[in-house]
Amino acid sequence: MSKYKLFLLRHGEGAWNKENRFCSWVDQKLSEDGVKEAQDCGRLLKEQGYKFDLVFTSILSRSIQTAWLVLEAMGQEWVPVVKSWRLNERHYGSLIGLNRAEMAQQHGEEKVKLWRRSYDITPPLIDESHPYFLEIYNDRRYTTCDVPIKDLPRAESLKEVLDRLLPYWNSTVVPEIRNGRTVLISAHGNSCRALLKYLEGISDEDIASVTLPTGIPVLLELDENLKPVKPRQLLGDQAKIQAAIKKVEDQGKAKPST
Ligand SMILES: O=C(O)[C@@H](COP(=O)(O)O)OP(=O)(O)O
């Protein structure tokens, strides 16, 4: 029997989602379309009568901005928002800033698919020579983490995302859910995929075909042991959701960048 409802949300479209660049730990804001997606998401959740008690976000602006816009559209701005780097997007290492279609032209679509969707392949590490290295590691927000900056990731597989996310899930999110709070996690494509893999027990192989579009809430109904009692529901117009999933999948195809 369903005891708890948990909502996962990949933020609305960010500026670099639009440009088809790996964004990861670079702090991009939402695009105009992304703002609209987040507002539409909030309106939909309000129409369906959902109420949140607590929202968790990463420390990247696009997930925080999305949470604010959703709460505003729901008229629930007062709901507390708690932030942690442990919900950040997967660290894409030296791929950060690069265009996926150009990478597919240079390295082949299969390689890009492995980098994006395999469970345990870590992309090449970022180093000091990378154009976004200083922007990331000199950012004051990373001095607030529960690990020193030098120990923060330099690239992550999906498995490594789950390894850094799970302690936070267990210590901080789970007690709130067990206390009966309805939680929204406003995060990223891959931090949400990692959590979905864990909660739904998805195999290392099958997680490769799970894709989350931007701005679409995912509802999980969980039993008392926080195990899903039914398949995840992506809320909204199902034809539009399928088209949005295909668009994310196609980002890794080798077509000339526009
Ligand atoms: O880092 C990024 O560019 C995307 C995910 O990229 P893919 O894994 O889909 O390539 O993360 P998000 O937009 O959810 O923050």
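All values derive from a computational prediction rather than experimental measurement.

Enquirer: So what's going on with the nonpolar core? Which residues, and what values?
Expert: Counting 37 residues, the largest nonpolar core has Leu 6, Leu 8, Trp 169 and Ile 185 as the members making the most contacts within it. Secondary structure elements with two or more residues in this core: β1 (4-10), β2 (54-57), α7 (158-178), β4 (183-187), α8 (189-200), β5 (217-222) and α9 (238-250). Tallying contributions element by element places α7 first for this core, with 10 residues. Judged by nonpolar contacts, the second largest core, of 23 residues, contains Ile 59, Trp 85, Cys 145 and Leu 152.

Enquirer: Give a description of the site of the ligand that names residues and reports values.
Expert: Taken together, the neighbourhood of the ligand is formed by 16 residues, with Cys 23, Glu 89, Tyr 92, Arg 116 and Gly 189 sitting nearest. The contact in question runs from an oxygen atom of the ligand to an N or O atom on the backbone of Cys 23, over 2.8 Å. Within the side chain of Asn 190, one N or O atom sits 2.8 Å away from an oxygen atom of the ligand. Relative to its unbound accessible surface of 400 Å², the ligand loses 99% to contact with the protein. When contributions to the shell around the ligand are tallied by element, the ones reaching two or more residues are α5 (109-117) and α8.

Enquirer: Tell me about the packing of helix α4 (residues 100-107) against α5, residues and numbers included.
Expert: With their axes 7 Å apart at the nearest point, α4 and α5 run at an angle of 125 degrees to one another. Considering their axes alone, α4 and α5 lie oblique with respect to each other. Contacts between α4 and α5 involve Arg 100, Met 103, Ala 104 and His 107 from the former and Glu 109, Lys 111, Val 112, Trp 115 and Arg 116 from the latter. Class assignment for the residues of the contact of α4 with α5 results in four nonpolar, one polar and four charged.

Enquirer: An account of the packing of aromatic side chains is requested, with residue identities and associated values reported.
Expert: Scanning all chains against the criterion turns up eight aromatic pairs. Between the aromatic rings of Trp 25 and Trp 85, the centroid separation amounts to 6.1 Å while the plane-to-plane angle is 65 degrees, which identifies the pairing as edge-to-face. With Trp 25 in the loop between α1 (15-18) and α2 (32-47) and Trp 85 in the loop between β3 (81-83) and α4, the pair connects residues that are 60 residues apart, well separated along the chain. The same class applies to Trp 25 and to Trp 85, which are both buried. Among the aromatic side chains, those forming a connected cluster through ring pairs are Phe 7, Tyr 50 and Phe 52. Over the face of the ring belonging to Tyr 137 we find Arg 154, whose NZ or CZ atom lies 4.6 Å from the ring centre. The ring of Tyr 198 has Lys 227 lying over it, and the distance from NZ or CZ to the ring centre is 6.0 Å.

Enquirer: Tell me what's going on with the sheet that holds strand β6 (residues 233-234), and back it up with residues and numbers.
Expert: One open sheet accounts for six strands, arranged β3-β2-β4-β1-β5-β6; its pairing is mixed. The sheet is open, and its two borders are formed by β3 and β6, each paired with just one other strand. In this sheet, β4 lies alongside β1 in parallel orientation, the contact comprising five bridges. If you follow Leu 9 over to β4, its bridge partner there is Ser 186.

Here is what the cut-offs are and how they apply
- Residues numbered from 1 in each chain as written.
- Predicted model: local features only at pLDDT ≥ 70, side-chain atom pairs only at ≥ 80, totals over all residues.
- Heavy atoms only, no water.
- Core = buried A, V, L, I, M, F, W, Y, C linked by side-chain atoms within 4.5 Å.
- Buried < 20%, exposed > 50% of the residue type's maximum accessible area, 1.4 Å probe, protein only.
- Helix = DSSP H or I, 4+ residues; strand = E, 2+ residues; numbered from the N terminus.
- Near = heavy atom within 4 Å.
- Polar contact = N/O pair within 3.5 Å; in protein donor to acceptor, adjacent residues only side chain to side chain.
- Areas by Shrake-Rupley, 256 points an atom, 1.4 Å probe, with all protein chains shown as cover.
- Axes fitted to C-alpha atoms, helices over the stretch in contact; angles between N-to-C directions.
- Parallel < 35°, antiparallel > 145°, perpendicular 65-115°, else oblique.
- Contact = heavy atoms within 4.5 Å.
- Nonpolar A, V, L, I, M, F, W, Y, C, P; charged D, E, K, R; others polar.
- Phe/Tyr/Trp six-rings, centres within 6.5 Å; stacked < 30°, edge-to-face > 60°.
- Lys NZ or Arg CZ within 6 Å of the ring centre and 35° of its normal.
- Pairing = 2+ DSSP bridges.

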